[in-house]
Amino acid sequence: MATPDDIPQAVKNDPAQTVPPTPILLQQEPAEELLLPQGPKQLKNIAYAKPVDLAGQVDYAPGQVTSKTLVQNPWVGVTLFAMAKGEGISAHKSSGDAFVTALEGRGKITIDDRSFELAKGQSIVMPAGHPHAVSALDDFKMLLVVVFPEKKN
């Protein structure tokens, strides 16, 4: 083993050379292969174990509302929406509570006869059983999570 006297002065003066090496992982498996669910995949249309920009997962289309479903089952629905300015989803009711988060732009959320403006980063809950609608004040992207009630047997 080298003693301090055996180490050249140039190496001693270079902090990168005097810091003990730290272990590194030489071969890393892609995250998609490394961390997958143990059972069947519940999410679709989105990468596992990889940071994603949710707003970037769905694109605008002129004069349209576009969507991408990430989960749909009897208990929960998770959907991304992109709405061109002036477009929207007409009034309807849901049996589940609907949680909306604005990802981009501004949208108008109407619940019963009350309207709310939602901007990027803001969220609102549209309660089950109440008519609600969404319209894009600007190009607008949102994440919708609907949690459905437990089904009685």
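No experiment lies behind these values; they were computed from the predicted model shown.

Each value, and the rule that gives it
Residues numbered from 1 in each chain as written. Predicted model: local features only at pLDDT ≥ 70, side-chain atom pairs only at ≥ 80, totals over all residues. Heavy atoms only, no water. Helix = DSSP H or I, 4+ residues; strand = E, 2+ residues; numbered from the N terminus. Contact = heavy atoms within 4.5 Å. Areas by Shrake-Rupley, 256 points an atom, 1.4 Å probe, with all protein chains shown as cover. 1 Å grid on protein atoms, 1.4 Å probe; cavity = no way out; pocket = protein on both sides within 12 Å on 5 of 7 lines; lining within 4 Å. Points joined across faces, edges and corners; volume = space filled by probe spheres on them. Nonpolar A, V, L, I, M, F, W, Y, C, P; charged D, E, K, R; others polar. Pairing = 2+ DSSP bridges. Axes fitted to C-alpha atoms, helices over the stretch in contact; angles between N-to-C directions.

(A) Region of interest: the overall build of the chain. Counting its secondary structure elements, the chain contains 3 helices and 9 strands. Tracing the chain from N to C terminus, the helices and strands come up as α-α-α-β-β-β-β-β-β-β-β-β. Once local pairs closer than 6 in sequence are excluded, the contacts in the chain between residues at least 24 apart make up 58%. For the chain, the computed accessible surface area is about 10500 Å², with 55% contributed by carbon and sulfur atoms.

(B) Summary view of the layout of surface pockets. Of the voids in this model, the largest pocket is the one considered here, and its volume is about 210 Å³. Considering the residues around the largest pocket, the lining is formed by 15 residues, among which Phe81, His92, His132, Leu144 and Val146 are closest to the centre. Mapped onto the lining of the largest pocket, the elements with two or more residues apiece are β2 (76-83), β3 (88-92), β8 (132-136) and β9 (140-147). When its residues are assigned to classes, the lining of the largest pocket shows 9 nonpolar, 6 polar and no charged.

(C) Region of interest: the sheet that holds strand β5 (residues 106-111). A sheet is described by the order of its strands in space; here 4 strands give the open sequence β3-β8-β5-β6, paired in antiparallel fashion. The strands lining the two open edges of the sheet, one partner per strand, are β3 and β6 (114-119). Adjacent strand axes in the sheet meet at a mean angle of 20 degrees, parallel and antiparallel pairs treated alike. Judged from the 3 bridges that link them, β3 and β8 form a sheet pairing that is antiparallel. By the bridge assignment for β8, glycine 88 is matched with serine 135.

Structural measurements only, silent on function.
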